[in-house]
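Listed below are the residues making up each chain.
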Amino acid sequence: MKTILTFLLPLIIFTNVSATSQSTIERANRFVSSSQMYLEKANMQASETAAREAVKLAETTSDARLLAKCYGNLGIALFKAEKIVGADKYLNKALSLYQGLKESPPEAIAVLQTLNKLYGVTNDDEEVEPRSTDVNNPEEAISKSQFYRNAQINTAKAFRGARGPLTSALRTKNLKIIARAEANIGLLLAQSNSEKDIIDATKYLGRSRNHFYESQAKSPEIAPVEQTLDELYQKNAFLKNAPGDKYAGIEIGSKGVKMSIIRLKSDVKGEYAYSVLSDTAINTEVILFTSQAINESINAVKTLHDIAVRREGIPSKRVFIAISSGVQSQAKKKNKLPLLLDIQEGVRNELAQAERNVEVITVEDEPRLSHLGVVHPEGRYDAMIIDIGSGNTKGGYFADNTLNFISFHVDWGTKSLTNEMEKTDFVSIAQYAKAVNDKVQQLKVEEIRPAISAKSGLRNKPRIIMSGGICWAIATIMHPESMNSAYVEVTSDDVKRFREIAVSDYQQIANKDSQMYKVQNKDDREKAKKEIGRVLDVFDQKAMIAGSALLETMMKEFNATSVPKNYYLARYGYIGWVTGYIIRSLAGDE
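Residues numbered from 1 in each chain as written. Predicted model: local features only at pLDDT ≥ 70, side-chain atom pairs only at ≥ 80, totals over all residues. Heavy atoms only, no water.

**Concerning the packing of aromatic side chains**
Here is step 1 of the chain: A full pass over the atoms with the stated rule returns five aromatic pairs.
Here is step 2 of the chain: Pairing F408 with F558 gives two aromatic rings, centres 5.8 Å apart and planes at 55°, and the pair type is tilted. Of this pair, F408 sits in strand β8 (residues 405-410) while F558 is found in helix α22 (residues 541-558), placing the two residues 150 residues apart along the sequence.
Here is step 3 of the chain: Judged by its relative accessible area of 4%, F408 falls in the buried class.
Here is step 4 of the chain: Ring geometry for F426 against Y432: centres 5.6 Å apart, planes inclined by 80°, an arrangement best described as edge-to-face.
Here is step 5 of the chain: Residue class for F426 comes out partly exposed when judged on its relative accessible area of 25%.
Here is step 6 of the chain: Across the ring face of Y247, the terminal group of R318 is positioned such that the distance to the ring centre comes to 5.1 Å.
Here is step 7 of the chain: R380 extends its terminal NZ or CZ atom over the ring of F398, reaching a point 5.5 Å from the ring centre. (Phe/Tyr/Trp six-rings, centres within 6.5 Å; stacked < 30°, edge-to-face > 60°. Helix = DSSP H or I, 4+ residues; strand = E, 2+ residues; numbered from the N terminus. Buried < 20%, exposed > 50% of the residue type's maximum accessible area, 1.4 Å probe, protein only. Lys NZ or Arg CZ within 6 Å of the ring centre and 35° of its normal.)

Listed below in C-alpha cells is the structure:
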C-alpha cells in the first residue's frame, strides 16, 4: 500500500498543479475524452464519473456548445450503463442546445442516434411497433415516453410509444401512474393540428386531471395538464363544452342547506386554487331538530345533489356533503346529538348511496377548512380567519411554516344569537338593538375574550380574513362597487355604520338602488342588485343587527393589541369551509 501511495502522490500533485494552468474549457474537454476512453474499455462507472465532472465544469461557463457536448457525453454514458431515465434527461438537454445553436456536429449526430436507440426509432419511415413495456415498471416507461415526446423526433411513433405505458399503468390500478400516462398522451396529441387529435387530447387530459385529483396527488404535473386544457378550449371553437373540472359542496348548516359549485385548479407548486361558479341555498332550520326540519333538510340535500348531477353534469362522486359545526354545536346545546346520525342516515337513504360519506365537521376543523378555502396559500402564515357562522363563531391561524392550526370558537353565531333574542318580545327595533348589544357585551366578557385570550398568538396576525354569511351581506350592501372583488377591506367603523343603518334606516338597505351611485358599469349594477336581493332573502333586519353586532365586537377584541390589523371581508367566505373541505378531500389532509 505504501508503494502505491508513493507512486500516486506525485501523480496527484502533478495533476492538481497542471489543472491550475488549464482553462475550464480545456479541463472539461479532457474529462470528456477520459469518459469516452473508459466507455471503450467498458468501465461504465469510471466513464460516468468523468462525464459528470465534465458537466460540472461546463455548467460554470456560458459556453452552450461545450455544455451540449458534455450533456451529450453524459447521456451516452448513462445509456450504455442502462440508466435510461438519466440518459433521457441529459440527451434531451444536449439535443435542445444543439437545436438552439442550429448545429449538427458529430457529437449532435451521436446524441440523436442514441435517442433513436433509446426510443426504438428506426432510420427509415417504416411504421414499427414500439418495444414492449415492462409491466412491472410503468413509471420508468412513462418517463421514457415523456422525453420521447419532448425530443420531437417523430410524433407518430412517439404516440405509439406512449400507448404501452398507459396499458401497463392501467394494470397497476394506481391512479397517479394512470394519470401520468394519460397526461403524456394528451400533451402529445395537443401538439397536433388535427381536429380529431385535439378532441382526443382533451379526453386524455381531462381523465388525467380527474385521476390526479382522485388519487389525492399533489403533483406539479397537474399544472401543465390544466394549462394545456385551458389553451385548447380557448383556441378551438369546435370544442363545445369545457372540461369536467367542476366540483360541488353541499353544507347542511344552521340556517339552511347550501350548495357551492367551484372550478378547482392546481398550480405548479401543487397547491389548489378555486373559483366560484355558482351557489344555491334552500332555507331550512335543521337546528330546530324537529322531524319536519330534519326531513326538509334531507330533501333539500337531494334537490341540490340532483341539480349538481343532472343540470351541471357533475359526477356524484364529486359532490361532497357535510354537516356544519354550527349544527353540531346547537345539537350539543340541546342534547340532540343522536339526531345527527338520523340526518346522516336520512341523506344516504334519500340518495340511495349506502356508502356516502356525510361528515360532521368539528368546531376545531371548520376554521382550518375555511382557511384552506378562503386564504391563498402564499398568504397562509401571515393571516388568520374569523368565521361568523349561523350557529357559532370560530377562527384561527396556521403556526409559522407548519401545518399546525391554532383555533378558537364561541358557541354563538348570527342565527343562534337571533333565535335567542327572539325569545323576548320587543316594542321597537331600537329596543331590540339595545338588547342585542347588551347580550353581545355579556358574551364578550363570558365567552369571547376567554376563548381568544387562551391562545395568545391569535392577536398577533396582521391580516384578518372574515368569512361567513354576515360578512358576505356587509360586503355586498356596503360595497356594491366591489362586486367583482373576492376581498373587501373594511374597518370597525364600516361595520359599525352598517349596524347603525340596519337599526335606524333599514329602508336604505332594503332599497337596492340606494348604493348604486357607487357602481359605474351598467352590467355591474345589475349584478349588484341581484346579489343584494339574495342577501335580503337570507337575512332579515334583526339577523343583520345581531350578526353585525357580533362581528363588530370580535373586531374590537382583536384590535386590543399593539399589532396593526387589516381586515378583509371575504365575499365568498360563506362557502369557504365547504371549498376547503373539497380541497382537503382531493389533496389529502395537509
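**Structural notes on the pattern of salt bridges**
Here is step 1 of the chain: In the structure shown here, the tally under the stated rule is 19 salt bridges.
Here is step 2 of the chain: For the salt bridge of E557 with R449, the shortest nitrogen-to-oxygen distance reads 2.8 Å. You can see E557 sitting in helix α22 and its partner R449 sitting in helix α17 (residues 429-453), a full 108 residues away along the chain.
Here is step 3 of the chain: Judged by relative accessible area, R449 falls into the partly exposed class, the value being 37%.
Here is step 4 of the chain: A salt bridge links R534 to E531, with the shortest nitrogen-to-oxygen separation between them at 3.1 Å. Separated by three residues within a single helix, R534 and E531 lie in helix α21 (residues 522-538), roughly one turn from each other.
Here is step 5 of the chain: Residue classification places R534 among the partly exposed positions, given a relative accessible area of 24%.
Here is step 6 of the chain: Given a relative accessible area of 12%, E531 falls into the buried group.
Here is step 7 of the chain: Taken together, the shared-partner salt bridges in this structure form one network comprising E48, R52 and K83. (Salt bridge = Lys/Arg side-chain N within 4 Å of Asp/Glu carboxyl O.)

**Overview of the environment of L188**
Here is step 1 of the chain: Following the sequence through the fold, L188 ends up in helix α9 (residues 175-189).
Here is step 2 of the chain: L188 gets classed as buried once you look at its relative accessible area, which sits at 4%.
Here is step 3 of the chain: Separated by ten residues in sequence, L188 and I198 have C-alpha atoms that sit 9.7 Å apart.

**Details of the nonpolar core**
Here is step 1 of the chain: Membership of the largest hydrophobic core comes to 57 residues, with the highest contact counts inside it found for M466, M544, L551 and F558.
Here is step 2 of the chain: Take this core: its biggest share by element is ten residues, from α22.
Here is step 3 of the chain: Ignoring anything within four residues of it in the chain, the contact list for L551 reads I388, M466, C471, I474, V495 and L569. (Core = buried A, V, L, I, M, F, W, Y, C linked by side-chain atoms within 4.5 Å. Contact = heavy atoms within 4.5 Å.)

**Some details on helix α13 (residues 325-333)**
Here is step 1 of the chain: Taken residue by residue, α13 has S325, G326, V327, S329, Q330 and A331 as its buried positions.
Here is step 2 of the chain: Looking at the packing, one finds that the buried side of α13 touches β1 (246-252), β4 (319-323), α14 (338-351), α15 (365-374), β7 (393-398) and α16 (414-421).
Here is step 3 of the chain: N335, located one to two residues past α13, shows a positive phi value of around 55°.

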